[in-house]
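Coordinate inspection notes
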Amino acid sequence: MAQKPSIPKGTRDFSPVEMRRRQYILDTIRGVFERYGYLPIETPAMEKLETLTGKYGEEGDRLIFKVLNSGDAWDKVAPEVKQALAAGEEVHPGKLGAELCEKALRYDLTVPFARFVVQHQHALTFPFKRYQMQPVWRADRPQKGRYREFLQCDADVIGSTSLLNEVELVQLFDDVFTALGLAVVVKLNDRKLLTGIAEVSGQPEKVVDIVTALDKLDKVGREAVEQEMRDKGVSEAAVTGIAPLFELHGNWDAQRTRLTEWLGGSEVAQQGLADMDFIFQQAGQLKSAQLEFDPTLARGLDYYTGAIFEVKAAEGTLQSSICGGGRYDDLTGIFGLQGMSGVGISFGADRIYDVLLETGKFPEDVATGTRLLFVNFGDREAAHALPLLRQVREAGIAAELYPDAAKLKKQFAYADAKGIPYVATMGSEEIAQGIVSVKDLRSGEQRAVRTDELISLVQ
RNA sequence: GUGGAUGUAGCUCAGUUGGUUAGAGCGCCGGAUUGUGGUUCCGGAGGUCGCCGGUUCAAGCCCGGUCUUCCACCCCA
């Protein structure tokens, strides 16, 4: 007796209904991407391990799924590493991983994109706008809204430093979530402001500690944030220096005025403020999304250098972000192409799915497949139904003929279970009269029409 | 990676201080109705109690390990 089959932790199968809903999300996002002039690319599920390591911070490296070398992976391990292990010495796991694995599953779509740009630069026209919707993998511990395999939908523009790109991406967020009917808050910040804050506080070298502590503000409160900063070795003077940040409130205009006063001494901060201001002014009136400046927004401090974005659902219980993004000034530099600034965003399709499902935002008919089912009475009757079935399909209507001459009860139950709204019955009586009986399963009404009237009836 | 819960029929869950053949609702299959689903009535199938080991005369229940899902931390889509 075989064991119950199962799939790896944090991965999922998708049923037809689930796939329909996922496709609805993807179609919506893709439609907006294309309307903004982004073009699709795809990259392999696997990248070389060295392409990925060191791009996502220490934490990120740990979460990369590595692919064991095929054949005898042990054979290829460097002799000195083997010797060290044999001698009982400790070998750094990352080092050992690199010895045993030369490939890894992609962790996001941005780094593979940077690699793609460097590798294909001769064939690209800059500024290059691409979108990409593919799964990524992270060896994280699964939780609600957190999967080990999930779908990201990215749009990036590379080769332009213009803030108009940031403005466009804000509007793109707005368009997608307006189309999906989901209320969201788009949070905006700039890494230059965070750098400026650390400068003004007198401890520029503590940016990372200050910022990661600040990032938790809405979760743990001001006191805990200040305590964490002290624990990380941020001076009391610096903690006090940051205090004005906690008193920021009001709309962007009010916040900007106070920030300008406070951060007047920092040139980077001034630049960040000017950038933020440009984005706020140019984004204009959004359709449904709420644009918000959030000085505590940090995001992975890996490759972002300018604006940073994050989107959270304003309804539903999922607290984590459903989109992220930002500007990176030199991501391609690591791969040998300098001076290529880019900015991009990423939609977390799986989290958007969870929120839409919880809040009941999926259109009702999104799961409907077949619109018309022909009942099968046997070979002779089926042969009469077949040409009609073709006509219906030619007319663009999803239709099927039940494959077996099963009991009518079973065939109707099949239609009911699949949510098929119309059932066409063509038995000997109908065939003799040149008609077809069509039942609307939602109303229970049944009427006989001429075969040439069938299409207009179910359309 | 750290800490904590969880797992019983296809699904949602009961199951007494450890004590005979482990239950319900929904779903599924068949019939009432050999040309009609969704409502009603009748009948039926389906479980090595996540997996492995231990304690015991006896384990769904106690103990250890392991896997899954979930929660908090960390981090993030």
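Throughout what follows, the structure given in this document is the object of discussion. If you're wondering where the values come from, they're calculated on a predicted model, not measured in any experiment. (Residues numbered from 1 in each chain as written. Chains lettered and ligands numbered in written order. Predicted model: local features only at pLDDT ≥ 70, side-chain atom pairs only at ≥ 80, totals over all residues. Heavy atoms only, no water.)

**Things to note about unusual backbone geometry**
Short version of the rule: Numbered from the N terminus, helices here are DSSP runs of H or I no shorter than four residues, and strands are runs of E no shorter than two.
Of note, the bond from Phe-126 into Pro-127 is cis; its omega dihedral lies within 30 degrees of zero at -5°. Take Pro-127: it is sitting in the loop between α6 (110-119) and β5 (128-137).

**Observations concerning helix α7 (residues 164-180)**
Quick reminder of the rule: To estimate how far a helix should reach, multiply one less than its number of residues by 1.5 Å. Classification of residues uses two cut-offs on accessible area relative to the type maximum, computed with a 1.4 Å probe and protein chains only: under 20% is buried, over 50% is exposed, and between them is partly exposed.
Its 17 residues place the ends of α7 24 Å apart at the C-alpha level, agreeing with the 24 Å of an ideal helix rising 1.5 Å per residue. Along α7, 13 of the 17 residues are buried, which leaves the element largely enclosed by surrounding structure. Immediately beyond the C-terminal end of α7, within one or two residues, lies Gly-181, with a positive phi of roughly 70°.

**Some points on the protein's contact with RNA strand B**
Worth spelling out the cut-off: Any residue with a non-hydrogen atom lying within 4 Å of a molecule or strand is treated as near it. Polar contacts here mean pairs of N or O atoms no more than 3.5 Å apart (in protein, one a potential hydrogen donor and the other a potential acceptor; neighbouring residues in sequence count only if both atoms are side-chain atoms). Amino acids are sorted into nonpolar (Ala, Val, Leu, Ile, Met, Phe, Trp, Tyr, Cys and Pro), charged (Asp, Glu, Lys and Arg) and polar (every other residue, Gly among them).
Around RNA strand B there are 41 residues in total, and Arg-138, Lys-144, Arg-146, Arg-299 and Lys-407 lie nearest to it. Here a base oxygen of RNA strand B and a side-chain polar atom of Arg-141 are 2.9 Å apart. Among the elements of the structure, α3 (57-62), β6 (149-158), β10 (323-328), α17 (408-418) and α18 (428-433) are those that each provide at least two residues to the surface near RNA strand B. The element best represented in the surface near RNA strand B is α17, accounting for five residues. Across the surface near RNA strand B, the residue classes tally to nine nonpolar, 14 polar and 18 charged.

**Regarding the pattern of salt bridges**
Formally: In the sections that follow, a salt bridge refers to a side-chain nitrogen of Lys or Arg positioned within 4 Å of a carboxyl oxygen of Asp or Glu.
Evaluation of the coordinates by the stated rule reveals 27 salt bridges. With its nearest N and O atoms 3.9 Å apart, the salt bridge here joins Glu-99 to Lys-95. Of this pair, Glu-99 and Lys-95 both sit in helix α5 (residues 93-100), four residues apart, which is roughly one turn of the helix. The exposure class of Glu-99 is buried, given its relative accessible area of 17%. Since its relative accessible area comes to 42%, Lys-95 is described here as partly exposed. In this structure, the salt-bridge partner of Glu-400 is Lys-418, at a minimum N-O distance of 3.0 Å. Of this pair, Glu-400 sits in strand β13 (residues 399-401) while Lys-418 is found in helix α17, placing the two residues 18 residues apart along the sequence. Ionic contacts of the salt-bridge type, sharing partners, join the residues Arg-12, Arg-22 and Asp-350 into one network.

**Things to note about the sheet that holds strand β15 (residues 435-440)**
Just so we agree on the cut-off: Here, strands pair whenever DSSP counts at least two bridges between them. Fitted lines through C-alpha atoms give the axes, limited to the stretch in contact for helices. The angle between two N-to-C directions lies from 0 to 180 degrees.
Across the sheet, five strands lie side by side as β13-β12-β14-β15-β16; this open sheet has mixed pairing. Each edge of the open sheet is held by one strand with a lone partner, namely β13 and β16 (445-450). In this sheet, adjacent strand axes meet at a mean angle of 25° when their direction is disregarded. Direction of pairing for β15 relative to β16: antiparallel, over a ladder of six bridges.

**Points about the nonpolar core**
Note the cut-off: Among buried residues, the Ala, Val, Leu, Ile, Met, Phe, Trp, Tyr and Cys ones that are joined through side-chain atoms within 4.5 Å form a nonpolar core. Only heavy atoms matter for contacts: two residues are in contact if any of them lie within 4.5 Å across the pair.
If you look at the biggest cluster of nonpolar residues, it comprises 109 residues, and the most contacted ones within it are Phe-33, Tyr-38, Leu-172, Phe-173, Phe-177, Ile-322 and Phe-347. Per element, the largest residue contribution to this core is eight residues, and it comes from α7. Residues contacting Phe-173, with those up to four places away along its chain left out, are Val-186, Phe-309, Val-311, Cys-323, Ile-345 and Phe-347. In terms of nonpolar packing, the next biggest core, distinct from the first, is built from 19 residues, Ala-382, Leu-388, Ala-399 and Val-458 among them.

**Side note on the pairing of β6**
On a regular strand, each side chain points to the face opposite its neighbour's, so the side chains alternate between the two faces of the sheet. Of all ten residues making up β6, nine are buried, and the element is well covered by its neighbours. Pairing between β5 and β6: ten bridges, direction antiparallel. Looking at the pairing, Val-136 lines up with Phe-150 of β6. Where β6 meets strand β11 (residues 342-348), seven bridges bridge the pair, whose relative direction is antiparallel.

**Comments concerning the packing of aromatic side chains**
How we decide: Here is the rule: rings of Phe, Tyr and Trp (six-membered ring for Trp) pair when centre to centre is within 6.5 Å. Planes less than 30 degrees apart are stacked, more than 60 are edge-to-face, and the remainder are tilted. Two limits define a charge over a ring: the Lys NZ or Arg CZ must be within 6 Å of the ring centre, and within 35 degrees of the ring normal.
Inspection of every chain in the model, using the stated rule, returns 17 aromatic pairs. Ring centres 6.4 Å apart and planes at 15° place the aromatic pair Phe-116 and Phe-128 in the stacked group. Of this pair, Phe-116 sits in helix α6 while Phe-128 sits in strand β5, and the two are twelve residues apart along the sequence. The residues Phe-116 and Phe-128 share a single accessibility class, namely buried. Site record: aromatic cluster; members linked through ring pairs are Phe-33, Tyr-38, Tyr-131, Phe-173, Phe-177, Phe-309 and Phe-347. If you follow Arg-22 out to its NZ or CZ, it ends over the ring of Phe-14, 3.7 Å from the centre. One residue, Arg-442, lies across the ring of Tyr-422, its end atom 5.4 Å from the ring centre.

**Points about the sheet that holds β11**
On the basis of which strands lie adjacent, the open sheet formed by eight strands has the order β1-β5-β6-β11-β10-β9-β7-β8 and mixed pairing. On the outer flanks of this sheet lie β1 (39-40) and β8 (290-293), each paired with one strand and no other. Two elements, β10 and β11, share six bridges in a ladder whose sense is antiparallel. Pairing of Tyr-328 across the sheet is with Gly-342, part of β11.

**Digging into the state of the cysteines**
Put simply, the rule reads: Cysteine sulfur atoms that come within 2.5 Å of each other are treated as a disulfide pair.
Across all of its chains, the model carries zero disulfides by this definition. Not engaged in a disulfide, the cysteine Cys-323 finds its nearest cysteine sulfur in Cys-153; these two sulfurs lie 8.8 Å apart.

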